[in-house]
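Report on the structure
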Amino acid sequence: MIERMTVHNLYIFDRNGSCLHYSEWNRKKQAGISKEEEFKLMYGMLFSIRSFISKMSPLDMKDGFLAFQTSRYKLHYYETPTGIKLVLNTDLGVPNCRDTLQQIYSTLYVEYIVRNPLCVLGESLQSDLFSSKLDSFIRALPFFSVRAA
């Protein structure tokens, strides 16, 4: 049987830990807590991992934390110079998504949020155009599958 890969969900956080955007595609299991609690838990975990890595690394790491994986999924992480944090959860077979996350930031977030005078930076993203373009972008990824095997 051919293993199909997929994208589960995407979080976008600001530098203060507020979840600006959340989308999900193929998430099979919910956290069992409110979305607000889930966002706090995710950001807290990212903060702790980044802190741990920066303190424990034997070398000066330019990029720091990029990804981690469990036995069931892989979490991909990208932080912009302005402190925007993008988190993409995928199946284990998906390769490094750093370039994908950079592309989401530069071609979608900057284009449809930062350059949009109607979007207030630092507030939850209320742009239907951004959400639509993001959905199309994710669904067009070579590793996206509607239903994972």
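For the structure, check the block above.
Below you will find a few notes about this structure. Because the structure is a prediction, the values reported are computed rather than measured.

By size, the foremost hydrophobic cluster in this structure holds 27 residues, and its most contacted members are Tyr109 and Ile138. Counting residues per element, the ones that place at least two in this core are β1 (7-13), β5 (85-90), α2 (98-114) and α3 (128-139). Per element, the largest residue contribution to this core is seven residues, and it comes from α2. Counting 12 residues, the second largest nonpolar core, distinct from the first, contains Tyr11, Phe39, Leu46 and Val87.

Okay, the pairing of β1 next. Among the seven residues in β1, seven count as buried, and that is most of the element. As judged from the six bridges shared by β1 and β5, these two strands associate in the antiparallel manner. Of the residues in β5, the one forming a bridge with Tyr11 is Val87. In this structure, β1 lies alongside strand β2 (residues 19-24), joined through five bridges in antiparallel fashion. Bridging from a neighbouring strand, Ile12 pairs with His21 of β2. Hairpin remark: β1 followed by β2, antiparallel, with five residues in the connecting loop; positive phi at Gly17, about 95°.

Let us now look at the sheet that holds β1. With antiparallel pairing, the five strands of this open sheet are ordered in space as β2-β1-β5-β4-β3. The sheet terminates laterally at β2 and β3 (67-69), the two strands that pair on one side only. Ignoring which end each strand starts from, the neighbouring axes of this sheet average 10° apart. Judged from the six bridges that link them, strand β4 (residues 74-79) and β5 form a sheet pairing that is antiparallel. The partner of His76 across the bridge, within β5, is Leu88. Relative to the sheet, α2 contacts β1, β2, β4 and β5, its axis offset from that of β4 by approximately 50°.

Attention now goes to the environment of Asn26. In this structure, Asn26 sits in the loop between β2 and α1 (35-56). A relative accessible area of 12% places Asn26 in the buried class. Sequence separation between Asn26 and Arg72 is 46 residues, and the spatial gap between their C-alpha atoms is 13 Å. A polar atom in the side chain of Asn26 sits 2.5 Å from the side chain of Thr6.

What counts and what doesn't
Residues numbered from 1 in each chain as written. Predicted model: local features only at pLDDT ≥ 70, side-chain atom pairs only at ≥ 80, totals over all residues. Heavy atoms only, no water. Core = buried A, V, L, I, M, F, W, Y, C linked by side-chain atoms within 4.5 Å. Buried < 20%, exposed > 50% of the residue type's maximum accessible area, 1.4 Å probe, protein only. Helix = DSSP H or I, 4+ residues; strand = E, 2+ residues; numbered from the N terminus. Pairing = 2+ DSSP bridges. Axes fitted to C-alpha atoms, helices over the stretch in contact; angles between N-to-C directions. Contact = heavy atoms within 4.5 Å. Polar contact = N/O pair within 3.5 Å; in protein donor to acceptor, adjacent residues only side chain to side chain.

Take it as geometry only, folks, not as evidence of what the structure does.
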